[in-house]
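# Architecture at a glance
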Amino acid sequence: MKKKVYVDFSLILFLSLFIYYLQVFEKEEEYESWALDYIGEARKQSSSQIKIAILDSGINKTHGDLKNVNFEEVNVIEPNKPITDKFGHGTAIAGIIAGEKVGIISSEENLILYDVKVLNDKGEGTIEDIINGIMWCVEQEVDVINISFGFFDDKKGLHDAIRAATKKGIVVTAAAGNTMGLSVDYPAKYEEVLSIASIDKDFNIDPRSGYGKVDYSAPGVKVISTDNQGGMSEFSGTSFAAAYATGVIASIVSNKYNTANIKQLLNKHTLKLNEKSVYGEGILTFKREYLEETYEKVYN
């Protein structure tokens, strides 16, 4: 019998989805993506495929903003059933990465999103399913794995799966965790994983974001993305910051750089901010000069 674990959603998602249910946008003119303005859309990098895996609650692939995205999928929880996203988390992650109106790499025709359902309709998942999801991604030879959830404690076998992925040159990004300023969650805490913290529009760290082993920061407070009902909603949390980071990272590694030097590559696309244990190396962005000017305006 599988042991069921709760993947920290009491902190990571309930606060976020509370905002989500209150902030649903019916018309495009009702929302503006400050996060996309700060990061910028990725320019076409190469003719190579960009293969991004999203380990999550599934993706609503009928959403209008995701209609031009190429998908591959696996339902790890129930292999013989089609994937749905009743929990509403994975669809938001997908929109941030590849949504036509709100995504980082929305114009990239060579993008393939791998929808890896490892969480059920309540946001619960077993370690066994998560490990199996990671190993499936290794078999598919994806470029980046996005894990927008976490655990307070290290879990047996999870680190081995992460190592297996990174040894194949796969970049793994994960949410630092909404731990209210306490330690970063696993798997973000692993040395092999890029841990992503959340900031708001004024460059302040999200008070929910985990501290300690942080590699980079990205927007994660009141950001706009696709919801599982076919519309657009507002989300908050390190889960969504990780998705923005994944979009930037995937665009860069699509050039088939040596991922062993990934931080050296990413630092060219980073605006450094204050304390490293809070912000990491800084905010990932394609618009560093613009972001520097914006930062000066906020604080001068």
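Before going into details, it helps to say that this report is about the structure given with it. (Residues numbered from 1 in each chain as written. Predicted model: local features only at pLDDT ≥ 70, side-chain atom pairs only at ≥ 80, totals over all residues. Heavy atoms only, no water.)

To continue, consider helix α6 (residues 158-167). If you check which residues of α6 are buried, you get L158, H159, A161, I162 and A165. Projected onto a plane normal to the axis of α6, the buried residues spread over an arc of 160 degrees and lie on a single side. Residues of α6 that are exposed and point over 90 degrees away from its buried face: D160 and K167. Where α6 is buried, its residues contact α5 (127-140), β7 (144-147) and β8 (171-175). (Buried < 20%, exposed > 50% of the residue type's maximum accessible area, 1.4 Å probe, protein only. Helix = DSSP H or I, 4+ residues; strand = E, 2+ residues; numbered from the N terminus. Arc of directions from axis to C-beta. Contact = heavy atoms within 4.5 Å.)

Looking now at the pairing of β8. For β8, the buried fraction is high: 5 of the 5 residues fall into the buried class. Residues V171, T173 and A175 point to one face of β8 and V172 and A174 to the other, with burial holding for every one of them. Read from β7 through α6 to β8, the crossover connection turns out right-handed. When β8 meets strand β9 (residues 194-199), the two strands line up parallel, connected through 3 bridges. Each residue of the ladder has a partner; that of A174, found in β9, is S195. (Right-handed = clockwise from strand over helix to strand, strands pointing away. Pairing = 2+ DSSP bridges.)

As for its placement among the helices and strands, T91 is situated in helix α4 (residues 90-98). A relative accessible area of 0% places T91 in the buried class. Sequence-distant contacts of T91, that is, excluding residues within four places in its chain, are made with G58, I59, N60, L66, D85, S225, T226, D227 and N228.

This part is about the pattern of salt bridges. Applying the stated criterion across every chain yields a total of 13 salt bridges. One salt bridge connects D115 with K61, and the closest N-O pair in it is separated by 2.5 Å. Taken together, the residues span a long stretch of sequence, with D115 in strand β5 (residues 111-117) and K61 in the loop between β3 (50-56) and β4 (70-75) at a distance of 54 residues. With a relative accessible area of 0%, D115 lands in the buried category. Judged by its relative accessible area of 23%, K61 falls in the partly exposed class. Notably, a salt bridge pairs K117 with D121, separated by 4.0 Å at the nearest N-O pair. Judged by relative accessible area, which is 6%, K117 ranks as buried. One continuous salt-bridge network, built from bridges that share partners, spans K61, E73 and D115. (Salt bridge = Lys/Arg side-chain N within 4 Å of Asp/Glu carboxyl O.)

The full count for this structure, using the stated rule, is 8 aromatic pairs. Considering the side-chain rings of Y295 and Y299, the 4.9 Å spacing of their centres and the 45 degrees angle between planes classify their relative orientation as tilted. Residue Y295 and its partner Y299 are both found in helix α10 (residues 288-299); the two are separated by 4 residues, about one turn of the helix. Judged by its relative accessible area of 42%, Y299 falls in the partly exposed class. (Phe/Tyr/Trp six-rings, centres within 6.5 Å; stacked < 30°, edge-to-face > 60°.)

Moving on to α4. For α4, the buried fraction is high: 9 of the 9 residues fall into the buried class. Restricting attention to buried positions, one finds in α4 the residues G90, T91, A92, I93, A94, G95, I96, I97 and A98. Here the buried face of α4 lies against β3, β5, β7, β11 (223-226), β12 (232-235) and α7 (238-253).

Between two packed helices, the angle of one axis relative to the other and the distance separating the axes together describe the packing. At a closest axis distance of 8 Å, the pairing of α4 and α7 adopts a crossing angle of 30 degrees. Overall, the two elements α4 and α7 adopt an arrangement that is roughly parallel. Between α4 and α7 lies a crossing whose hand is right-handed. Of the residues in α7, those touching α4 at A92, I93, I96 and I97 are S239, F240, A243, Y244 and T246. Taken together, the residues of the contact of α4 with α7 break down into 7 nonpolar, 2 polar and no charged. (Axes fitted to C-alpha atoms, helices over the stretch in contact; angles between N-to-C directions. Parallel < 35°, antiparallel > 145°, perpendicular 65-115°, else oblique. Left-handed = near helix turned anticlockwise from the far one by under 90°. Nonpolar A, V, L, I, M, F, W, Y, C, P; charged D, E, K, R; others polar.)

The biggest cluster of nonpolar side chains holds 92 residues, and the ones touching the most others in it are L55, V116, I134, I145 and I249. It is α7 that provides the largest number of residues to this core, a total of 11 residues. (Core = buried A, V, L, I, M, F, W, Y, C linked by side-chain atoms within 4.5 Å.)

Geometric descriptors of this kind do not, in isolation, establish any biological role.
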